[in-house]
Amino acid sequence: MRNNYIFESERLGFRMWKDSDRKLFARMNKDLEVMEFFPKSLNEEESNAFVDRIQDHMEKDGYGLWAVEIKETGDFIGFIGFAKPSFESFFTPCIEIGWRLDKEFWNRGYGTEGARRCLEYGFDKLGFTEIHSFTSKINVRSWHLMEKIGMVKLGDFDHPRIEEGNPLKPHVVYLIKK
């Protein structure tokens, strides 16, 4: 099921966002389990504004947080891709790899497969020399995925956009070089 993929892995296609993704993505962003390690879940308006920012970034930079689907079924499962963090820390400015998948598709290896392929694309096609990723210290699933794809822990930091006392404020940052 080809849908104008920018690139693909064995099971996943990476593509631009479609309007039909918005409703599914908004449902994901409202899900408290999916959004467990974010300061808050997003309502439909906030979710759509996020998609708009993703699309603007892709148009401007030629890359971003790609919509990801299962090639065999065409099911939209979330995003995997690159962003530029807009806060200051010891490792910024940088290119960040990030992901958010619908929990229906967790524990099937899609995150690892997709992130590995995304890194490959970033290094080989986009010319990145290093890529970072970060998450709250309590988000063990994400930092395990970072380690599975070959990233190495660079350090700890307090996320400047999360208020003091919030258990999500302490973060870990990982790095992989070409």
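Residues numbered from 1 in each chain as written. Predicted model: local features only at pLDDT ≥ 70, side-chain atom pairs only at ≥ 80, totals over all residues. Heavy atoms only, no water.

Caption draft 1: How the structure looks around the pairing of strand β4 (residues 76-83). Buried residues dominate β4, accounting for eight of its eight residues. The sheet contact formed by strand β3 (residues 65-70) and β4 spans five bridges and is antiparallel. Note on β4: the bridge partner recorded for Ala67 is Phe79. Linking β3 back to β4 in an antiparallel pair, the connection comprises five residues, with Gly74 at a positive phi of about 80°. Bridge count for β4 against strand β5 (residues 96-101) is six bridges, and the pairing is antiparallel. From the neighbouring strand, Ala83 faces β5, where its bridge partner is Glu96. (Buried < 20%, exposed > 50% of the residue type's maximum accessible area, 1.4 Å probe, protein only. Helix = DSSP H or I, 4+ residues; strand = E, 2+ residues; numbered from the N terminus. Pairing = 2+ DSSP bridges.)

Caption draft 2: Structural view of the pairing of β3. Taking burial as the measure, the six residues of β3 include six buried ones, the bulk of the element. Of the two faces of β3, both are covered, the one formed by Leu65, Ala67 and Glu69 as well as the one formed by Trp66, Val68 and Ile70. Bridge count between strand β2 (residues 12-15) and β3: four bridges; the pairing is antiparallel. Along β3, the bridge assignment pairs Arg15 with Ala67.

Caption draft 3: Geometry of helix α2 (residues 44-61). For α2, spanning 18 residues, the distance from its first C-alpha to its last is 26 Å, which sits close to the expected 26 Å at 1.5 Å a residue. Every buried residue of α2 is accounted for by Ser47, Phe50, Val51, Ile54, His57 and Met58. Viewed along the axis of α2, the buried residues span an arc of 120°, placing them on a single side of the element. When the buried face of α2 is taken as reference, the exposed residues oriented beyond 90 degrees from it are Glu45, Arg53, Asp56, Glu59 and Lys60. Packing partners of the buried residues in α2 comprise α1 (19-30), β3, β4 and β5. Where α2 begins, the side chain of Asn43 points an oxygen toward the backbone nitrogen of Glu45, at a separation of 3.0 Å. In the segment just after α2, Gly62 is the residue with positive phi, at about 80°. (Expected span 1.5 Å × (residues − 1). Arc of directions from axis to C-beta. Contact = heavy atoms within 4.5 Å. Polar contact = N/O pair within 3.5 Å; in protein donor to acceptor, adjacent residues only side chain to side chain.)

Caption draft 4: Spotlight on unusual backbone geometry. The omega torsion of the bond from Thr92 to Pro93 falls at 0°, within 30 degrees of zero and hence cis. Even without being a glycine, Asn107 presents a positive backbone phi close to 60°. Among the residues examined, Asn107 registers a relative accessible area of 79% and is labelled exposed.

Caption draft 5: Examining the nonpolar core more closely. Counting residues in each nonpolar core, the largest one holds 45 residues, and the members touching the most others are Trp17, Trp66, Phe82 and Ile97. In this structure Ile97 touches Gly81, Phe82, Ala115, Cys118, Leu119, Ile131, His132, Ser133 and Met151, once residues within four positions along its chain are discounted. (Core = buried A, V, L, I, M, F, W, Y, C linked by side-chain atoms within 4.5 Å.)

Caption draft 6: Structural detail: the environment of Ile70. Looking at where Ile70 falls in the secondary structure, it is placed in strand β3. Classification of Ile70 as buried rests on a relative accessible area of 9%. Here Ile70 is in contact with Arg11, Leu12, Asp75, Ile77, Phe105 and Tyr110, once residues within four sequence places are set aside.

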